[in-house]
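# Topology and contacts: notes
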Amino acid sequence: MAKRNNISTTDFILLGLFPEFQYASLLVYLILLVYLIALTGNAMLIFLIWLDVHLHTPMYFFLSQLSLTDLFYISSSVPKMVINHSLGKHSISFTGCGIQMFFCLSLGGAECLLLTFMSYDRFVAVCYPLQYTVIMNPKVCLLIAVASWTGGALNSLIQTICTMHFPVCGLKEIDHFFCEMPAVLKLSCEDTSDYEMVVFVVSIIFILIPLNLIIASYIQIFLTVLKMKSPEGRSKALATCSSHLTVVSLYLGPGIVVYMTPGSSHTPALDQGLSVFYTILTPMLNPIIYSLRNKEVVGALRKVLKKKLVSK
């Protein structure tokens, strides 16, 4: 009760990640370490793509956009959680909650669209290599990036306004480590079933349709790869595609459970655990998955390290 005395009546209370976990501090500092790794990995990947001329291709342009999205995405929730834990407070203002929800939904939607366009890029590269530079020209790549960011932002703006519009009754305790839309929606004292159906339809557009398009693209890619005579070309195509599929499964899989199944069918602990996958772990793993499996990125990193050593 003492902690709540200084909390405004309009503030929400974030209970945090697994609030009943005995070693909460250890968990928070572990997530802080993951956050620092994610920042370093994504920033380094963006820097290498910008620096190395050989990486100035559509695939790496989209990869840099994905890394930029991940940088902002993980930063929209982790710093607030760590600060709250360090200061021993759990409150977040109504406006702050709305802003956090907007950025999380916006960046999450943008990432869904980017992953879809990245699969299309690989589809064109493998299945139509001669027309690749014509189809995926710089103007098209820029339009795709703008469409991804804009689409995510517009969807987020509408959903955030609608969610924050619902009145909240009783204690404004969000059983989560950030203001995720389904968790905030559970606090409403009004019937939200109609709006939950709208969220389900939007999730089909941003999660299910992209997933089906990605699967369709990779079916065509695998069929084309099987016909390749060059073992080197086949292994390179499979390595790139397997990296992308790993990222897609880690990101979209948990999202389907959280946003496309009834909130009453899963516990807050499950929601939090699944949210950790696409808001914290995936942004950390993306640069690792793409760089370790990619000889061009590793080569660019070696060049930078050699230049540093020679300059010393």
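Here the structure is a predicted model, which means the values were calculated and not measured.

### Some thoughts on a negative patch on the surface
On the surface, Glu-190, Asp-191, Asp-194 and Glu-196 cluster together into a negatively charged patch. Mapped onto the elements, Glu-196 comes out in helix 8 (residues 193-226). In this structure Glu-196 comes out as partly exposed when scored by relative accessible area, which is 41%.

### What about the side chain of Asp-271?
Note on placement: Asp-271 falls in helix 10 (residues 268-292). Owing to a relative accessible area of 7%, Asp-271 belongs among the buried residues under this scheme. Excluding its chain neighbours within four sequence positions, the residues that come into contact with Asp-271 are His-176, Lys-186, Val-258 and His-266.

### Comments concerning the UniProt feature "transmembrane region" (unreviewed entry) in the protein
Under the feature "transmembrane region" (unreviewed entry), the UniProt entry names residues 26-51, 98-120, 140-158, 197-225, 237-261 and 273-292. Between the C-alpha atoms that bound residues 140-158 there is a distance of 27 Å. The span itself is 100% helix and 0% strand. With 100% helix and 0% strand, residues 197-225 has end C-alpha atoms that lie 40 Å from one another.

### Points about the packing of aromatic side chains
Enumeration over the complete set of coordinates arrives at 13 aromatic pairs. Taking 6.3 Å as the distance between ring centres and 40° as the angle between the ring planes, the aromatic pair formed by Tyr-218 and Phe-222 counts as tilted. Here the residue Tyr-218 and the residue Phe-222 both occupy positions in helix 8, the gap between them amounting to four residues, near one helical turn. Under the relative-accessibility criterion, Tyr-218 is labelled buried at 2%.

### Details of the side chain of Arg-122
Along the chain, the position of Arg-122 falls in helix 4 (residues 94-127). A polar atom in the side chain of Arg-122 sits 2.9 Å from the side chain of Asp-121.

Cut-offs used in this document
Residues numbered from 1 in each chain as written. Predicted model: local features only at pLDDT ≥ 70, side-chain atom pairs only at ≥ 80, totals over all residues. Heavy atoms only, no water. Patch = residues over 30% accessible without salt bridge, like charges linked within 9 Å, V, L, I, M, F, W, Y side chains within 5 Å. Areas by Shrake-Rupley, 256 points an atom, 1.4 Å probe, with all protein chains shown as cover. Salt bridge = Lys/Arg side-chain N within 4 Å of Asp/Glu carboxyl O. Lys, Arg positive; Asp, Glu negative; His and termini not counted. Charge placed at Lys NZ, Arg CZ, Asp CG, Glu CD. Helix = DSSP H or I, 4+ residues; strand = E, 2+ residues; numbered from the N terminus. Buried < 20%, exposed > 50% of the residue type's maximum accessible area, 1.4 Å probe, protein only. Contact = heavy atoms within 4.5 Å. UniProt positions renumbered as here; feature names shortened; annotations may be inferred. Phe/Tyr/Trp six-rings, centres within 6.5 Å; stacked < 30°, edge-to-face > 60°. Polar contact = N/O pair within 3.5 Å; in protein donor to acceptor, adjacent residues only side chain to side chain.

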